[in-house]
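Single-letter residue listing:
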Amino acid sequence: MRILNFGSLNVDYIYEVEHFVLPGETISSDHLTITTGGKGLNQSIALSKAGLTPFHAGAIGKADEGMLKGLLDSNGVNTEFVEMHTDPSGHAIIQVDKHGQNCIILFGGANQQIDEEFVDKVLENFNEDDIILLQNEISSIAYIMQKAYLKGMKIYFNPSPASIKLYEYPMHYVDTIILNEVEGEQLTGESNIDNILDSLLKKYPEIKVVLTLGEDGVAYADKHRCEYCGIYESSVIDTTAAGDTFTGYFISCIVKGMDIKNSLKFASAAAAIAVSKLGAACSIPSLKEVEEFIIKFNR
Ligand code: RIB
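Here is a short report on the structure shown in this document. As the structure is a prediction and not an experimental result, all values here were calculated from the model.

Topic: the nonpolar core
(1) Moving on: Counting 43 residues, the largest nonpolar core has L4, F6, I132, L134, F157 and I177 as the members making the most contacts within it.
(2) Moving on: When near neighbours in sequence (up to four residues on either side) are disregarded, L4 contacts F55, A57, V122, L123, F126, I131, I132, L133 and M153.
(3) Moving on: Core analysis: the second largest hydrophobic core is formed by 42 residues, L9, A50, L68 and Y156 among them.

Comments concerning the sheet that holds strand 4 (residues 55-61)
(1) Moving on: Sheet architecture is open: nine strands sit in the order 5-4-1-8-9-10-11-12-13, paired in mixed fashion. In this open sheet, the two strands that pair with only one neighbour each are strand 5 (78-85) and strand 13 (226-229). Recorded for the sheet is a direction-independent mean angle of 15° between the axes of neighbouring strands.
(2) Moving on: Of the pairings in the sheet, the one linking strand 11 (residues 208-212) to strand 12 (residues 218-221) comprises four bridges and is antiparallel in character. Looking at the pairing, V209 lines up with A221 of strand 12.
(3) Moving on: Contacting strand 4 and strand 5, helix 2 (residues 65-74) runs over the sheet at an angle of about 170° to strand 5.
(4) Moving on: The sheet contacts of helix 5 (residues 181-188) involve strand 10 (176-180) and strand 11, and relative to strand 10 the element is tilted by about 110°.

Conventions we followed
Each chain has its residues counted from 1, running along the sequence as written. Only residues with pLDDT of at least 70 are given local features in this predicted model, and only at 80 or more are side-chain atom pairs given and counted; all residues enter the totals for whole chains, interfaces and linings. Here the side-chain values reflect all heavy atoms present in the structure, with hydrogen atoms and water set aside. Put simply, a nonpolar core is a bunch of buried Ala, Val, Leu, Ile, Met, Phe, Trp, Tyr and Cys residues held in one set by side-chain atoms that sit within 4.5 Å of each other. Each residue gets one of three labels from its accessible area relative to the maximum for its type: buried under 20%, exposed over 50%, partly exposed in between, using a 1.4 Å probe on protein chains only. Residues are treated as being in contact if the distance between any of their heavy atoms lies within 4.5 Å. Pairing between two strands requires that DSSP report at least two bridges joining them. Counting from the N terminus, the helices are DSSP H or I runs at least four residues long and the strands are E runs at least two residues long. The convention used is that axes are lines fitted to C-alpha atoms, helices contributing only their stretch in contact, and that angles between N-to-C directions extend from 0 to 180 degrees.

So, in C-alpha cells, the structure goes:
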C-alpha cells in the first residue's frame, strides 16, 4: 500500500498583525516570515513526520524548486511527481493576529496548472492497493477523483478551502472526508454539527466523515458509528496548518491500524503542538514530539 498526496505547494508570506486588516484600512506589520506551505505540502510533511513515506504530486515554479521540493525531499517525501513550471508557484498571504488566528489569501499559480495529461501520467503508477489524498487547492480535482476511483484507489478528501467548486466533485467516490465546520456548512447548508454529519451520511451513505470543530474537538461518523474526541489544551501562537497536521496524522494512524478513537486523539495532539508554533509546514511536530506530548498531558 502506497499513499499519494496530489496537492498544492505554496510559498507562505506570514504577516504578524495587531488585528486583521478591515475594508478601506491600511495596517503595518512588524514581522514577515517567508516560508513553505500549501495544504498539500503541509499534509505530505505531516504524513512523513508521522512515519509514512508518501508520494507528493503537484506543480511549482522552477524558482522555488529548492525551497518547496527541497523541503519535501529532506523530509523523506517522494517527489518524483512534482513538476516544474515556468509559471510562478502558488503563494499565500497570511495575516496572523495576536490571538494566533489567521486569515489567508491564496494565489493558485502553478497549482492551477494541473491538467488531465499530468494526472494520467501520475496515476498510471498507482493501483487499487493505494491511497490518494486530495485537498481543494489544485485544478482537475474532479478528474483526479474519477480516475483514482476507477483504479480502485481509496480516496481521502480534505475539501479545504471550501469553494463553489466542491459541488462539481464526484463526492460519492470519496472514502473518507476530513473537513471543518465551515466546509461542512458549505457542503450541506447546515450549521449544527449533528445535522452536518447526518446530511453528509444521507447524501453519501458509504462515506466516513471526520469533522474538526476547533476548540470543541473533533467528531467522526460513518453509517455504523459516531465518535467524539476533545482537544488537548496548548498555548495558541498560530493556527495555520493545524488542520493539515491533523489530516496527515489521522491518516497515518489509520494506515498503521490504529482504531478511530485513538487516531482522532493522536491527530488532535499533533494539531495542538502545531498551533503552539508560528508557520505552516515548520510547525508540524515529529512523531516523537507527539508521543512525548501525550505522555506529559496524561501525567
Ligand atoms: O492550511 C494552511 C495553508 O493554507 C497555508 O500553508 C497556505 O499556503 C494555505 O494553503
